[in-house]
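Chain and residue survey
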Amino acid sequence: MLKILKDKKIIGILIILSVFASLLAANYFMPVSVKVKIIESNPLVRQFLHSWRSLKKMPDVLFAYYWMTPKHLPVYELSIKMDDLIEMNEALPDDIINGQLGEENKIFKSAIFSFGDYRQKVKVRYRGRDSNHWDGLKKSLMVKFPKENHFNGASVMSFTIPYDRLYFVEPLNAYRASKFGLLTPQFSFVNLKINGFDYGVYLAYEHWTPDWMKETLTRVSRIYSRSMMNYWNKSR
């Protein structure tokens, strides 16, 4: 009897692994246009899109070791009332494929931000124009701190999903730019908890604000705009 039950468990595990492997293969070989059509036409698929993106990372066994090692990143915490969180979510665009976050979708809500001895009432909203910032469970955020008590000197901070900035690519480019004396934000990787739930690693940086510009421009730097780049390209 025990042998039969054991065999059934093994068969069940093999079936689950086979289904998962089939889904991964279909996702890899399926044309993008077909994927988009399936997502757009099926609300159930859209609901579990963020879970599927997380499951896709399971075969990445090279990083399995880091799941079991102690974490050394700073842990920031946000407490948001559930009603406010629901209202923020309901204000997001319905189209999670081609939709863009407009001004009408950017609703600030009150929250409590905590880190170490710092605990203050702040304003928070979702950020990021494209849908990859807010179509999943993990969303990019902007946090505004009180004028009388900035956080580490920052009046506004962005917490962006690392995928959008290609993980290390933008922090590396910012580091390289600083070596040339260019004005650039300081990026850092942090853990963010919202209402006690760990949302994992975010890329945190002080937002481009008048306060940031005023403080940063106390040192000599250069600011390059897209129009200047166009001028240089035309003059070649």
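The structure we're discussing is the one just above.
Here the structure is a predicted model, which means the values were calculated and not measured. (Residues numbered from 1 in each chain as written. Predicted model: local features only at pLDDT ≥ 70, side-chain atom pairs only at ≥ 80, totals over all residues. Heavy atoms only, no water.)

1. Description of a nonpolar patch on the surface
- Together, Tyr163, Tyr167 and Phe168 line one region of the surface with nonpolar side chains, adding up to about 390 Å² of accessible area.
- Residue tyrosine 167 is classed as partly exposed on the basis of its relative accessible area, which comes to 41%. (Patch = residues over 30% accessible without salt bridge, like charges linked within 9 Å, V, L, I, M, F, W, Y side chains within 5 Å. Areas by Shrake-Rupley, 256 points an atom, 1.4 Å probe, with all protein chains shown as cover. Salt bridge = Lys/Arg side-chain N within 4 Å of Asp/Glu carboxyl O. Buried < 20%, exposed > 50% of the residue type's maximum accessible area, 1.4 Å probe, protein only.)

2. Description of the nonpolar core
- By size, the foremost hydrophobic cluster in this structure holds 29 residues, and its most contacted members are Leu78, Phe113, Leu141, Phe145, Phe159 and Leu192.
- Of all the secondary structure elements, the ones that give two or more residues to this core are strand E1 (75-79), helix H6 (82-90), strand E2 (109-115), strand E3 (118-126), strand E4 (141-144), strand E5 (156-160), strand E6 (188-194) and strand E7 (197-206).
- Ranked by residues supplied to this core, first place goes to E3 with 4 residues.
- When near neighbours in sequence (up to four residues on either side) are disregarded, leucine 78 contacts Ala111, Ile112, Phe113, Val122, Val124, Leu141, Val143, Leu192, Lys193, Ile194 and Asn195. (Core = buried A, V, L, I, M, F, W, Y, C linked by side-chain atoms within 4.5 Å. Helix = DSSP H or I, 4+ residues; strand = E, 2+ residues; numbered from the N terminus. Contact = heavy atoms within 4.5 Å.)

3. Overview of a positive patch on the surface
- Together, Lys81, Lys121, Lys123, Lys144 and Lys147 make up a region of like positive charge exposed at the surface.
- Mapped onto the elements of the fold, lysine 144 is located in strand E4. (Lys, Arg positive; Asp, Glu negative; His and termini not counted. Charge placed at Lys NZ, Arg CZ, Asp CG, Glu CD.)

4. Here we look at the side chain of arginine 165
- With respect to the helices and strands, arginine 165 occurs in the loop between E5 and helix H7 (169-179).
- Within the structure, the side chain of arginine 165 is placed 3.1 Å from the side chain of glutamate 170, a separation counted as a polar contact.
- For arginine 165, the residues in contact, after removing those within four places along its chain, are Arg127, Thr160, Glu170, Phe187, Leu203 and Tyr205. (Polar contact = N/O pair within 3.5 Å; in protein donor to acceptor, adjacent residues only side chain to side chain.)

5. Describing H7
- Listing the buried residues of H7 in full gives Pro171, Ala174 and Ala177. The buried residues of H7 occupy an angular sector of 120° when projected down its axis, which confines them to one face.
- Looking at the buried positions of H7, the neighbouring elements they touch are E6 and E7.
- Of the residues one or two after H7, glycine 181 is the one with positive phi, at around 80°. (Arc of directions from axis to C-beta.)

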